[in-house]
Amino acid sequence: MPALERWFCWRRRFESGAAAGLYRGVFLGVVLLLAGPAALLQGGESGQEAQWFKGTTHSHSLWSDGDEFPDMVVDWFKSRGYQFFCLTDHNVLMQGDRWVRLARQRRPIPESVLEAYLARFGDDWVEIRGEGAKREVRLKTFEEIRSRMDEPGKFLLIQGEEITDRTSGRPVRHVHLNGLNLAKFVRPRGGATAVRCIRDNVLAVEQQAKEVGRPMVVHVNHPNYGPFSVSARDLAEVPEARFVEMCNCYSNVHHWGDQDHPGVERMWDIANTLRLIEKKVPPLYGVASDDSHSYHDAPATRPLPGRGWIGVRAARLEADALMEAMIRGDFYASTGVELAAVDYDPAKGTLHVEVAPKPETRYTIEFVGTPADAQWTDDKALATLAGVGKVLASHSGTSATYRFSGKELYVRAVIRSDREMERPIPNGVQTETAWTQPVGWETRVLKNEER
Ligand SMILES: [Zn+2]
Ligand SMILES: [Zn+2]
């Protein structure tokens, strides 16, 4: 059965079941496991050889608070070798007639930005109206940009939105989620708590995926933004959520946490430990992103492009195939390290990682996981407990294999390099690093019928 058809088959089976709303994402994860690692390793059942595609899922343009025309943003990424790209402006899809005034009161658009736009795309493409202070430029829509920029097998634009929400309860929690491969606008659902807010927005995207009939992904963004809007406990309490930005590359998202709050990578481990031990639901997969807003000679403290991205293994450069691969966990997050292979073999109990090395760069491959007997008394204790997100093994070099002992809740790999990122993040990650997804947890989650 083709992968997409099988995916819908799973969804149909699941949606007709009891407790459908609550455990849909979980069920999907479980069925993916039952479908077997072969599908994961071969990138589905398309018969085509799977390959890695580089792309990114969180960027802004003049459609909301970015400082560049959307087609110029797309061009920035395409011209630098990204193969897929998702513009995710705040609470808007790039649809309909939208004009921006160059002499905006807040953050006017410099003449040089318009000149560069005209130089790149030409008079025939750029639409300008009005004179003087009333001069306006029309923002191109998703469909217009896609028809100009997409190249089959080379570059793909995916429709997305940053669902930008906040809680009605105090203290206010800023809950942002990126919906990917959307067909329709998603209105932020609100809610008294961060848990409610995350759940209702994730379910809104799930509902749209069902109505439209195509796979969509939704990731919880920058949990420590706000500050500290979304906790590891919150992430554990929403089984429907399946993705989190474990490395948002903006400098103001409290990536390292503080004395009372764990850093985001550690939160990822805490949330996944809670999900597996307490909730018996699959772990969250981790995404790295730029959250780029600033495209013009901005200081490193601004959200610049070209820092965080994902490598997705799929048979084809098509939005549905990429979404399915992400749902399978067949991708890694990166700030520069490229991987040649990530192979998890549950039959042999091995996780094998190979780097696509850059010259004059040294690599260390760490395998990180939580032992199944990790214990804690409360969130704070958990945050400091040595057993959660422990380095289980470490190797120097460009490839390594981890052998499961059977006592791990899950294992993931972190590939560190000594190469500084082209644009290091103040208060964030400085060196090129990659993170693979947690594996080896499949026996720890309840099957749907056991719930
Ligand atoms: Zn955000
Ligand atoms: Zn954003």
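Here's what I pulled together on the structure shown here. Everything quoted here is computed from the prediction, not taken from an experiment. (Residues numbered from 1 in each chain as written. Chains lettered and ligands numbered in written order. Predicted model: local features only at pLDDT ≥ 70, side-chain atom pairs only at ≥ 80, totals over all residues. Heavy atoms only, no water.)

Overview of the coordination of the zinc ion (ligand 1)
Right, on to step 1. For the zinc ion (ligand 1), every protein donor is listed as Glu162 (OE), His176 (ND1) and His222 (NE2), and the spread of their distances is 2.0 to 2.2 Å.
Right, on to step 2. Between the zinc ion (ligand 1) and the zinc ion (ligand 2) the interatomic distance comes to 3.5 Å, and glutamate 162 is a ligand of both metals. Taken as a pair, glutamate 162 in strand E6 (residues 156-166) and histidine 222 in the loop between strand E8 (217-220) and helix H8 (225-228) lie far apart in primary sequence, 60 residues in all.
Right, on to step 3. A residue is classified by how much of its surface remains accessible, and glutamate 162, at 0% relative accessible area, is buried. (Donors = N, O, S within 2.8 Å, 3.2 Å for Na, K, Ca; no water. Helix = DSSP H or I, 4+ residues; strand = E, 2+ residues; numbered from the N terminus. Buried < 20%, exposed > 50% of the residue type's maximum accessible area, 1.4 Å probe, protein only.)

A closer look at the nonpolar core
Right, on to step 1. One finds Phe69, Tyr117, Leu339, Leu351, Phe367 and Ile415 to be the most contacted residues of the largest nonpolar core, which totals 50 residues.
Right, on to step 2. Among the elements that line this core, the one with the most residues is helix H4 (residues 70-78), at 5 residues.
Right, on to step 3. If we ignore the near neighbours within four places in the chain, the residues touching leucine 351 are Val342, Asp343, Tyr344, Phe367, Ala400, Thr401, Tyr402, Phe404, Val411, Arg412, Ala413 and Val439.
Right, on to step 4. Of all hydrophobic cores here, the second largest spans 42 residues; its members include Val202, Cys247, Ala333 and Val388. (Core = buried A, V, L, I, M, F, W, Y, C linked by side-chain atoms within 4.5 Å. Contact = heavy atoms within 4.5 Å.)

Some words on the coordination of the zinc ion (ligand 2)
Right, on to step 1. Each protein donor to the zinc ion (ligand 2) is listed here as His58 (NE2), His60 (NE2), Glu162 (OE) and Asp291 (OD); together their distances run 2.1 to 2.2 Å.
Right, on to step 2. Because the angles between the 4 donor atoms bound to the zinc ion (ligand 2) fall within 80 to 171°, the donor set is best described as irregular.
Right, on to step 3. Sequence spacing among the residues donating to the zinc ion (ligand 2) works out to H-x1-H-x101-E-x128-D. (Tetrahedral: all angles 85-135°; square planar, octahedral: opposite > 155°, others 65-115°.)

Quick notes on the pattern of salt bridges
Note that side chains of opposite charge can pair when their charged atoms are close.
Right, on to step 1. Summed over the entire model, instances satisfying the criterion amount to 24 salt bridges.
Right, on to step 2. Salt-bridge contacts for arginine 129 lead to glutamate 136; the nearest nitrogen and oxygen are separated by 2.7 Å.
Right, on to step 3. Take arginine 129: its relative accessible area is 39%, and that puts it in the partly exposed class.
Right, on to step 4. Glutamate 240 serves as the salt-bridge partner of arginine 199, at 3.4 Å between the closest nitrogen and oxygen. Here glutamate 240 lies in the loop between helix H9 (232-236) and strand E9 (243-248) and arginine 199 lies in helix H7 (residues 194-212), a separation of 41 residues in the sequence. Both residues of the pair, arginine 199 and glutamate 240, belong to the buried class. (Salt bridge = Lys/Arg side-chain N within 4 Å of Asp/Glu carboxyl O.)

Here's the deal with the pairing of strand E2 (residues 84-87)
Right, on to step 1. Because side chains alternate across E2, one face comprises the buried residues Phe84 and Cys86, and the other comprises Phe85 and Leu87, equally buried.
Right, on to step 2. Inspection of the sheet shows strand E1 (residues 51-56) paired to E2 by 2 bridges, in the parallel sense. Across the sheet, residue threonine 56 finds its bridge partner in E2, namely phenylalanine 85.
Right, on to step 3. In this structure, E2 lies alongside E6, joined through 4 bridges in parallel fashion. Note that in E6 the partner of phenylalanine 84 across the bridge is leucine 156. (Pairing = 2+ DSSP bridges.)

What about the side chain of glutamate 245?
Right, on to step 1. Structurally, the position occupied by glutamate 245 is in strand E9.
Right, on to step 2. In terms of polar contacts, glutamate 245 uses its side chain to reach the backbone amide nitrogen of histidine 222, at 2.9 Å.
Right, on to step 3. Leave out the neighbours within four places in its chain, and glutamate 245 touches His58, His219, Val220, Asn221, His222, Pro223, Val264, Val287 and Ser289. (Polar contact = N/O pair within 3.5 Å; in protein donor to acceptor, adjacent residues only side chain to side chain.)

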